[in-house]
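Residues per chain are reported as follows:
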Amino acid sequence: QLQASGGGLVQTGSSLRLSCAASGRTNTFYGMGWFRQGPGKEREFVGFRNWSGSNMYYADSVKGRYTISRDSTKNTVYLQMNSLKPEDTAVYFCAAKSIGSDPIYSSATGYEYWGQGTELTVSS
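Residues numbered from 1 in each chain as written. Predicted model: local features only at pLDDT ≥ 70, side-chain atom pairs only at ≥ 80, totals over all residues. Heavy atoms only, no water.

Draft legend 1. The arrangement of unusual backbone geometry in detail. Of note, N75 is a non-glycine position whose phi angle comes to about 50°, a positive value. Topologically, N75 is positioned in the loop between strand 7 (66–71) and strand 8 (76–81). A residue is classified by how much of its surface remains accessible, and N75, at 22% relative accessible area, is partly exposed. (Helix = DSSP H or I, 4+ residues; strand = E, 2+ residues; numbered from the N terminus. Buried < 20%, exposed > 50% of the residue type's maximum accessible area, 1.4 Å probe, protein only.)

Draft legend 2. Region of interest: the environment of Q11. Inspection of the secondary structure puts Q11 in strand 2 (residues 8–11). In this structure Q11 comes out as exposed when scored by relative accessible area, which is 56%. Sequence spacing of Q11 and W114 is 103 residues, and the spatial spacing of their C-alpha atoms is 27 Å. Setting aside anything within four residues of it in sequence, one finds Q11 in contact with V122 and S123. (Contact = heavy atoms within 4.5 Å.)

Draft legend 3. Structural view of the pattern of salt bridges. According to the stated counting rule, one finds four salt bridges in the structure shown. Measuring nitrogen to oxygen at the nearest pair gives 2.6 Å for the salt bridge that ties R36 to E44. For D88, the salt bridge is made with R65, and the minimal N-O distance between the two is 2.8 Å. You can see D88 sitting in the loop between strand 8 and strand 9 (90–98) and its partner R65 sitting in the loop between strand 6 (56–58) and strand 7, a full 23 residues away along the chain. We note that D88, like R65, is buried. One connected set of salt bridges, linked through shared partners, spans R36, E44, R65 and D88. (Salt bridge = Lys/Arg side-chain N within 4 Å of Asp/Glu carboxyl O.)

Draft legend 4. Just the sheet that holds strand 1 (residues 2–5), in detail. Taken in spatial order, the four strands line up as 1-3-8-7 in an open sheet, and their pairing is antiparallel. One side of each edge strand has no neighbouring strand; the edge strands of this open sheet are strand 1 and strand 7. Pairwise comparison of adjacent strand axes, ignoring direction, gives a mean angle of 20° for this sheet. (Pairing = 2+ DSSP bridges. Axes fitted to C-alpha atoms, helices over the stretch in contact; angles between N-to-C directions.)

Draft legend 5. Molecular detail of the state of the cysteines. All chains considered together, the criterion is met by one disulfide. Two residues share a disulfide in this structure: C20 and C94, whose sulfurs sit 2.1 Å from each other. Between C20 and C94 the sulfur-sulfur dihedral comes to about 70°; the bridge is accordingly right-handed. Note that C20 is positioned in strand 3 (residues 16–22) and C94 in strand 9, a separation of 74 residues in sequence. The residues C20 and C94 share a single accessibility class, namely buried. (Disulfide = S-S within 2.5 Å.)

This is the structure we're talking about:
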């Protein structure tokens with residue numbers, strides 16, 4: 001139900017936008033989160049946006065550089081990443097949280113649907 005795309009190899013300081021296309025029971029979604037897992041690291045929270053856009057949260061490591069947006073006509077959520085750093089290198093996952101689910105947006109366990117991941121490599 002979630003298809004992530006847009007990853008690639010970029011240089012430090014570049015920008016890139018990831019996409020997450022949602023299908024199926026999107027009317028049950030409360031919001032979308034982005035997570036990432038770097039080489040040899042655990043999966044970590046990147047950001048969250050509820051479906052209406054009234055609430056957005058970001059990890060301190062990406063705050064001010066990353067922005068989550070949504071195109072309601074395409075049921076697609078985007079992760080705009082600016083001023084990329086080598087430490088941003090990771091596989092990025094989008095995940096959907098259902099209405100009534102665990103309200104803790106930063107925990108991966110509270111998300112019912114996951115995309116397959118798209119890989120970002122930032123070269124120095």
